[in-house]
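Residues per chain, in single letters:
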Amino acid sequence: MRKRLRTLLGLMLLLVVLGIGVFVDAYQQLHAPLRVAQAQTFEIAPGAPLAAVLRDLDARGLLPSSRAALYLRLYARGHGLGGSIRSGEYALPPQQSQL
């Protein structure tokens, strides 16, 4: 009985530590600036889904990492922003925040 309890508590502690690690990584990725050395423009086509826009940003090497695209997608979904991507041409200055 005690061995099972210790094992269960150990697994719970491991899950908590892993959860904190993922949270810290997500926070760092979401608050890291885009990789833009010089000001440039980025165009979003009408009707482009968020996933496609994030893939394009990642393919251009503008996101800090591929994980940032995943975290941005989850952030948008969690805040109900997935369908509110507006088409147009956007200026991306150096050190532009992702959020």
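What you see is a predicted model; the values in this text were computed from it and never measured.

Conventions we followed
Residues numbered from 1 in each chain as written. Predicted model: local features only at pLDDT ≥ 70, side-chain atom pairs only at ≥ 80, totals over all residues. Heavy atoms only, no water. Core = buried A, V, L, I, M, F, W, Y, C linked by side-chain atoms within 4.5 Å. Buried < 20%, exposed > 50% of the residue type's maximum accessible area, 1.4 Å probe, protein only. Helix = DSSP H or I, 4+ residues; strand = E, 2+ residues; numbered from the N terminus. Contact = heavy atoms within 4.5 Å. Axes fitted to C-alpha atoms, helices over the stretch in contact; angles between N-to-C directions. Parallel < 35°, antiparallel > 145°, perpendicular 65-115°, else oblique. Left-handed = near helix turned anticlockwise from the far one by under 90°. Nonpolar A, V, L, I, M, F, W, Y, C, P; charged D, E, K, R; others polar. Salt bridge = Lys/Arg side-chain N within 4 Å of Asp/Glu carboxyl O. Arc of directions from axis to C-beta.

Participant: Can you walk me through the nonpolar core in this structure?
Facilitator: Inside soluble globular proteins, nonpolar side chains tend to come together where they are buried. Core analysis: the largest hydrophobic core is formed by 18 residues, its most contacted members being Phe42, Leu54, Leu57, Leu63 and Leu92. Of all elements in the fold, only α1 (2-31), β1 (40-44), α2 (50-59) and α3 (66-78) reach the threshold of two or more residues within this core. For this core, the element with the highest residue contribution is α3, accounting for five residues. If near-sequence neighbours (up to four positions away) are discounted, Leu63 is found in contact with Leu34, Arg35, Leu54, Leu57, Asp58, Ala68, Ala69, Leu72 and Gln98.

Participant: Help me understand the packing of α2 against α3, please; the structure alone is not making it clear to me.
Facilitator: Packing of α2 against α3 leaves a shortest axis separation of 10 Å and a crossing angle of 155°. When the axis of α2 is compared with that of α3, the two are roughly antiparallel. Like other packed secondary-structure pairs, α2 and α3 cross with a definite hand, here right-handed. Contacts between α2 and α3 involve Leu50, Ala51, Leu54 and Asp58 from the first element and Ser66, Ala69, Leu72, Arg73 and Ala76 from the second. In terms of residue class, the contact of α2 with α3 is made up of six nonpolar, one polar and two charged.

Participant: So what exactly am I meant to see when it comes to the pattern of salt bridges here?
Facilitator: Oppositely charged side chains are able to pair whenever their charged atoms sit close together. Throughout the structure, instances matching the rule amount to two salt bridges. Note that Asp25 and Arg67 form a salt bridge whose closest N and O atoms lie 2.8 Å from each other. Here Asp25, found in helix α1, pairs with Arg67, found in helix α3; they are 42 residues apart in sequence, far enough to count as distant. Exposure remark for Arg67: the relative accessible area of 41% places this residue in the partly exposed category. In this structure, Arg60 engages Asp56 in a salt bridge whose closest nitrogen and oxygen atoms are separated by 3.4 Å.

Participant: Where do I start with the packing of α1 against α3 in this structure?
Facilitator: Any two packed helices are characterised by the angle at which their axes cross and by the distance between the axes. At a minimum axis distance of 9 Å, the contact between α1 and α3 shows a crossing angle of 95°. As the angle between them shows, α1 and α3 are arranged roughly perpendicular. For the pair α1 and α3, contact is made by Val22, Asp25, Ala26, Gln29 and Leu30 and by Arg67, Ala68, Tyr71, Leu72 and Tyr75, respectively. When the residues that make up the contact of α1 with α3 are grouped by side-chain class, the tally is seven nonpolar, one polar and two charged.

Participant: Got a minute to help me understand α2 in this structure?
Facilitator: Note on helix geometry: an α-helix contains 3.6 residues per turn, so any two residues three or four positions apart are oriented the same way. Residues Leu50, Val53, Leu54 and Leu57 constitute the buried set of α2. Seen along its axis, α2 keeps its buried residues to an arc of 95°; they face one direction. Relative to its buried face, α2 has exposed residues pointing more than 90 degrees away, namely Arg55 and Ala59. Where the residues of α2 are buried, they touch β1 and α3. Gly61, located one to two residues past α2, shows a positive phi value of around 75°.

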